[in-house]
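For reference, the chains in residue letters:
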Amino acid sequence: ETKKTIKMYKSIFNLTKKFSTSSNPYASLKKSLKVGGQEYQYFDINELGKDKVEKLPYSIRVLLECAVRNCDEFKFKKSDVEKILDWENTSQQDVEIPFKPARVLLQDFTGVPAVCDLAAMRDAVKNLGKSPDTINPACPVDLVIDHSV
């Protein structure tokens, strides 16, 4: 059972690696901002049409920026960006859009089982002779333990 699960994850990761090298069709929107001697990169979504972007609710702008930043024509497609940009029309339709959070915040009730799952997967990978360091969340995760210590 564990070997099947590891094989499934391995095939998913290989598939992801295969497509992650494709170029972002919105690369031209990438800009730099220098603050305090540090340089930061961002995607200027206003370049997609400032009038349209300014009409979007802030939460929808966050989804738009996420889709533009992660656009790879595999998980995030140009059509997803267009659906979000056309939110005024698509908000009343049953459309699905991808989302990849930059960070996840878990409270102890949901976070402890997630940490246990990661530990179990790392043990399984180690038992198969591989490095357990390969099992990590796809994005940073903060676990807040507030009362059960």
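A quick note: this is a predicted structure, and the numbers were derived from the prediction, not measured. In this convention, every chain numbers its residues from 1, walking through the sequence in written order. Totals for whole chains, interfaces and linings use every residue, but because this is a predicted model, local features are given only for residues with pLDDT of at least 70 and side-chain atom pairs only at 80 or more, for both listing and counting. Side-chain metrics rest on all non-hydrogen atoms present in the structure, leaving aside hydrogens and water.

To continue, consider a nonpolar patch on the surface. Residues Leu 33, Val 35, Tyr 40 and Tyr 42 make up a contiguous nonpolar surface patch of roughly 370 Å² in combined accessible area. Listing elements by their share of the nonpolar patch, those giving two or more residues are β1 (30-35) and β2 (38-43). Helix and strand assignments come from DSSP, with helices taken as H or I runs of at least 4 residues and strands as E runs of at least 2, each series counted from the N terminus. Tracing the backbone shows Val 35 in strand β1. Within the patch definition used here, like charges are joined within 9 Å and nonpolar side chains (Val, Leu, Ile, Met, Phe, Trp, Tyr) within 5 Å, considering only residues with over 30% relative accessible area and no salt bridge. Exposure was quantified through the Shrake-Rupley algorithm and a 1.4 Å probe, taking into account, for residues, occlusion by the shown protein chains and nothing else. Salt bridge, as used here: a side-chain nitrogen of Lys or Arg that lies within 4 Å of a carboxyl oxygen of Asp or Glu.

Moving on, we get to unusual backbone geometry. Here the phi dihedral of Glu 73 falls at roughly 60°; this positive angle occurs in a residue that is not glycine. Note that Glu 73 resides in the loop between α3 (58-70) and α4 (78-85).

All right, on to the pattern of salt bridges then. The final tally for this structure, using the stated rule, is five salt bridges. Taking the shortest distance from any N to any O, the salt bridge between Lys 50 and Glu 54 comes out at 4.0 Å. Of the two residues, Lys 50 and Glu 54 are both situated in helix α2 (residues 50-55); the distance of four residues between them amounts to about one turn of the helix. Burial classes: relative accessible area under 20% of the type maximum marks a residue as buried, over 50% as exposed, and values in between as partly exposed (1.4 Å probe, protein chains only). The partly exposed category is assigned to Lys 50, whose relative accessible area is 48%. Salt-bridge contacts for Lys 83 lead to Asp 80; the nearest nitrogen and oxygen are separated by 3.7 Å. Remark: Asp 80 and Lys 83 occur in helix α4; sequence separation between them is three residues, near one turn of the helix. It is possible to trace a salt-bridge network through shared partners that takes in Lys 31, Asp 44 and Glu 47.

Attention now moves to helix α6 (residues 108-127). An expected span of 1.5 Å times one less than the residue number is assigned to each helix. For α6, spanning 20 residues, the distance from its first C-alpha to its last is 28 Å, which sits close to the expected 28 Å at 1.5 Å a residue. Among all positions of α6, only Asp 108, Gly 111, Ala 124 and Val 125 are buried. Just downstream of α6 lies Gly 129, where phi reads positive at about 85°.

In short, geometric facts, not functional conclusions.
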